[in-house]
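Single-letter residue listing:
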Amino acid sequence: MKNIPDIHFTAKPLSSGNLQVKFYIHQGRKTSYGYLLTRSDCSEEEILDEIKKRLARRAESRLDLLRFTFKNQWKDDHQFFLYSA
């Protein structure tokens with residue numbers, strides 16, 4: 001069974017009209033935090049879905065790099081940052 005992370009976040013409106021979302025992920029003994037830049041009209045559910053989607057995309061790209069295969073569509077995500085605490 002896959003361990004489902006516990007995600008908490010706070011959102012701060014920016015002068016550009018976007019939202020800066022700071023989130024914390026508690027998964028067992030491992031804690032991470034990060035930032036997401038998103039549009040201002042997102043609901044809480046949409047923000048959580050976006051965080052989960054980007055976490056999954058990051059995990060998939062890490063697996064691709066470990067197998068030494070590179071996909072042409074792989075790009076850095078400059079609107080999503082993840083750090084380990």
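Look above for the structure.
Residues numbered from 1 in each chain as written. Predicted model: local features only at pLDDT ≥ 70, side-chain atom pairs only at ≥ 80, totals over all residues. Heavy atoms only, no water.

### Re the pairing of strand 1 (residues 6-13)
Bridge analysis of strand 1 against strand 2 (residues 18-27) gives eight bridges, and the strand direction is antiparallel. From the neighbouring strand, Thr10 faces strand 2, where its bridge partner is Lys22. Where strand 1 folds back onto strand 2 in an antiparallel hairpin, the turn is made up of four residues, including Gly17, whose phi is positive at roughly 100°. (Pairing = 2+ DSSP bridges. Helix = DSSP H or I, 4+ residues; strand = E, 2+ residues; numbered from the N terminus.)

### Notes on the packing of aromatic side chains
Two numbers describe a pair of aromatic rings. These are the distance of the centres and the angle of the planes. All chains considered together, the criterion is met by two aromatic pairs. Ring geometry for Phe23 and Phe80: centres 5.5 Å apart, planes at 15°, overall stacked. Placement of the pair is Phe23 in strand 2 and Phe80 in strand 4 (residues 80-84), with a sequence separation of 57 residues. (Phe/Tyr/Trp six-rings, centres within 6.5 Å; stacked < 30°, edge-to-face > 60°.)

### A short note on the nonpolar core
Counting 11 residues, the largest nonpolar core consists of Ile7, Leu19, Val21, Phe23, Ile25, Leu36, Cys42, Ile47, Ile51, Leu55 and Phe80. Those elements that provide at least two residues to this core are strand 2 and helix 1 (44-66). Examining the composition of this core, we find that four residues originate from one element, strand 2, more than from any other. Once residues within four sequence positions are removed from consideration, Ile51 is found in contact with Ile7, Val21, Phe23, Leu36 and Phe80. (Core = buried A, V, L, I, M, F, W, Y, C linked by side-chain atoms within 4.5 Å. Buried < 20%, exposed > 50% of the residue type's maximum accessible area, 1.4 Å probe, protein only. Contact = heavy atoms within 4.5 Å.)

### Comments concerning the pairing of strand 3 (residues 30-39)
In this structure, strand 2 lies alongside strand 3, joined through 10 bridges in antiparallel fashion. When the sheet's bridge partners are listed, His26 is paired in strand 3 with Thr31. Between strand 2 and strand 3, which follow one another and run antiparallel, lie two residues, and Gly28 among them has a positive phi close to 70°. Here strand 3 pairs with strand 4 via five bridges, running antiparallel. In the sheet register, Gly34 faces strand 4, and the bridge partner there is Leu82.

### Re the environment of Thr10
Within the element layout of this structure, Thr10 appears in strand 1. Each C-alpha atom, one on Thr10 and one on Glu44, is 9.7 Å from the other, the two residues being 34 residues apart in sequence. Setting aside anything within four residues of it in sequence, one finds Thr10 in contact with Gln20, Val21 and Lys22.

### Some thoughts on the sheet that holds strand 2
Taking strand neighbours across the sheet as the criterion, the four strands line up as 1-2-3-4 in an open arrangement whose pairing is antiparallel. Unpaired on one side and paired on the other, strand 1 and strand 4 mark the two borders of the sheet. Strand after strand, the sheet turns through a mean of 15° between neighbouring axes, direction not considered. (Axes fitted to C-alpha atoms, helices over the stretch in contact; angles between N-to-C directions.)

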